[in-house]
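Observations on the model geometry
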Number of protein chains: 2
Amino acid sequence: VTPLESPHLSPLLPPDNFSMVNTWLYRSSFPKKKHFPFLRTLGLRSVLTLILEEYPDQNTQFLDSEGITFFQFGIPGNKEPFVQIPDDKIAAALCTMLDRRNHPMLVHCNKGKHRTGCLIGCLRKLQGWSLTTIFDEYRRFSAPKSRSMDQEFVELFDTGRVWRLMEEGGE
Amino acid sequence: VTPLESPHLSPLLPPDNFSMVNTWLYRSSFPKKKHFPFLRTLGLRSVLTLILEEYPDQNTQFLDSEGITFFQFGIPGNKEPFVQIPDDKIAAALCTMLDRRNHPMLVHCNKGKHRTGCLIGCLRKLQGWSLTTIFDEYRRFSAPKSRSMDQEFVELFDTGRVWRLMEEGGE
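Reading guide: rules and limits
- Residues numbered from 1 in each chain as written.
- Chains lettered and ligands numbered in written order.
- Predicted model: local features only at pLDDT ≥ 70, side-chain atom pairs only at ≥ 80, totals over all residues.
- Heavy atoms only, no water.
- Helix = DSSP H or I, 4+ residues; strand = E, 2+ residues; numbered from the N terminus.
- Buried < 20%, exposed > 50% of the residue type's maximum accessible area, 1.4 Å probe, protein only.
- Contact = heavy atoms within 4.5 Å.
- Phe/Tyr/Trp six-rings, centres within 6.5 Å; stacked < 30°, edge-to-face > 60°.
- Least-squares fit on C-alpha atoms with pLDDT ≥ 70 in both.
- Axes fitted to C-alpha atoms, helices over the stretch in contact; angles between N-to-C directions.
- Parallel < 35°, antiparallel > 145°, perpendicular 65-115°, else oblique.
- Left-handed = near helix turned anticlockwise from the far one by under 90°.
- Nonpolar A, V, L, I, M, F, W, Y, C, P; charged D, E, K, R; others polar.
- Disulfide = S-S within 2.5 Å.
- Buried area = accessible area lost by both parts, 1.4 Å probe.
- Salt bridge = Lys/Arg side-chain N within 4 Å of Asp/Glu carboxyl O.
- Polar contact = N/O pair within 3.5 Å; in protein donor to acceptor, adjacent residues only side chain to side chain.

Here we look at the overall build of chain A
- In terms of regular secondary structure, chain A is built from seven helices and five strands.
- Secondary structure elements in chain A, listed N-terminal to C-terminal, are β-β-α-β-α-β-α-β-α-α-α-α.
- A buried classification covers 56% of the 171 residues belonging to chain A.
- When contacts within chain A are restricted to residue pairs at least 6 apart in sequence, those whose partners lie at least 24 apart make up 66%.

Structure follows, in structure tokens:
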């Protein structure tokens, strides 16, 4: 819940590409220290990152002090033709995202454009959105650096994989 | 609340430029009949439109059948130098938006870019967001047709006006 606040001495700074996705999900670019006061207003229960690198101490300390659970599903950016987004990591991330105990959750990568965009696109597919509106949303956040490969990834992603994984009870 | 649904026979179609703004607010372009099944999943309590024209019967009937309250604060688009967005209408719209009895609410104009963008920008200002992040969000939805005039409107908007209006208890 984002409380409505009277004017602050210093303005609240959401991370770049911040947005609400769902009643239980937010997305953004990599949050830095200056964004922490804003993140505090969201009452997050978890943060899920898609970066491969080790999470910075500063961010870990912030999560610890707020009692926010941390999940990392490190995936490389989808840079054709060298790297492909691994389906299994995305499916596992979606399982974790769907778990109500982790809500509200923030998902982020570095820019909040491509990897986050792919993950949210797959979530929208689970929600039954048309590909047209999924791609519109993807491009809204990735423009002017939208990638066909990312959109193709979402189109080809087998959502059944997520349901099967949930039935196995694993992540 | 957007329920997570198993795959539909026909995909859900959110209106163009649809997005969640807050835990209690959505934004979009003008919703047409094909978008109604999607809107139904949001459990809306009200719809606020910024168009000047009379609301189409089809939309009114949808709202009536769903028990959704309708608000209209008709304003012209901000097309310099002929037309200016009226501050008083925006302040009144914000008062209505802040009333919890109307949540969750959908706000829309025609494209969901300029008038809706101005209104959401003023809401973000009330929430204490920095102008930089307010403008980033405005441009995300209005690109490539972003207007400096709209951003200037948000920058100059006197948020105190909203609080004064609320104290008067009027709209």
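Regarding the packing of aromatic side chains
- According to the stated counting rule, one finds 16 aromatic pairs over all chains in the structure shown.
- Seen in terms of ring centroids, Phe18 of chain A and Tyr26 of chain A are 5.6 Å apart; in terms of plane orientation they differ by 20°. Their pairing is stacked.
- Assessed through its relative accessible area of 1%, Tyr26 of chain A is described here as buried.
- For the ring pair Phe18 of chain A and Trp129 of chain B, a centre distance of 6.0 Å and an interplane angle of 70° mean the geometry is edge-to-face. In this pair, Phe18 of chain A is assigned in the segment before strand E1 (19-22) and Trp129 of chain B in the loop between helix H4 (115-126) and helix H5 (131-142), connecting two distinct chains.
- Take Phe18 of chain A: its relative accessible area is 6%, and that puts it in the buried class.

Topic: the relation of the copies chain B and chain A
- For the match of chain B to chain A, the screw axis carries a shift of 0.0 Å, the RMSD comes to 0.0 Å, and the turn is 180°. Each copy turns onto its partner about a two-fold axis.
- Counting the interface residues of chain B, we find that 100% of their copies in chain A are interface residues as well, pointing to one common contact surface.

Regarding the packing of H4 of chain B against helix H6 (residues 148-156) of chain B
Residues and elements named next belong to chain B.
- The N-to-C vectors of H4 and H6 enclose an angle of 30°; their axes lie 9 Å apart at closest approach. Classified by the angle their axes make, H4 and H6 are roughly parallel. Viewed along their axes, H4 and H6 form a crossing whose handedness is right-handed. Across the interface between the two elements, Cys118, Gly121, Cys122 and Lys125 of H4 pack against Asp150, Phe153, Val154, Glu155 and Leu156 of H6.
- Across the contact of H4 with H6, the residue classes break down as five nonpolar, one polar and three charged.

Points about the packing of helix H4 (residues 115-126) of chain A against helix H5 (residues 131-142) of chain A
Residue and element names in this part refer to chain A.
- Orientation of H4 relative to H5, taken along the N-to-C sense of each, is 160°, at an axis distance of 10 Å. Classified by the angle between their axes, H4 and H5 sit roughly antiparallel to one another. Between H4 and H5 lies a crossing whose hand is right-handed. Along the contact surface, H4 presents Gly117, Cys118, Ile120, Gly121, Arg124 and Lys125, while H5 presents Ile134, Glu137 and Tyr138.
- Of the residues assigned to the contact of H4 with H5, the class counts are four nonpolar, two polar and three charged.

Let's talk about the state of the cysteines
Residues and elements named next belong to chain A.
- Across all of its chains, the model carries zero disulfides over all chains by this definition.
- With no disulfide of its own, Cys122 lies 6.7 Å from the sulfur of Cys118, the closest cysteine sulfur.
- Since its relative accessible area comes to 0%, Cys122 is described here as buried.

A look at the interface of chain B and chain A
- Listed as interface residues are 30 residues of chain B and, on the opposing side, 31 residues of chain A.
- Where chain B abuts chain A, roughly 2800 Å² becomes buried across the two surfaces, and 60% of that area is made up of carbon and sulfur atoms.
- At the junction of chain B and chain A, the tally comes to zero salt bridges.
- Across the contact surface, chain B and chain A share six residue pairs in polar contact (both at pLDDT 80 or more).
- Elements with a minimum of two residues in the side of chain B that touches chain A: strand E1 (19-22), H4 and H5 of chain B.
- In terms of residue count, the dominant contributor to the side of chain B that touches chain A is H5 of chain B (four residues).

Focus: unusual backbone geometry
Residues and elements named next belong to chain A.
- Cis geometry marks the peptide bond from Ala143 to Pro144, where omega comes out at 0°.
- One can find Pro144 in the loop between H5 and helix H6 (148-156).
- Phi at Asn17 takes a positive value of approximately 60°, unusual for a residue other than glycine.
- Residue placement: Asn17 occurs in the segment before E1.

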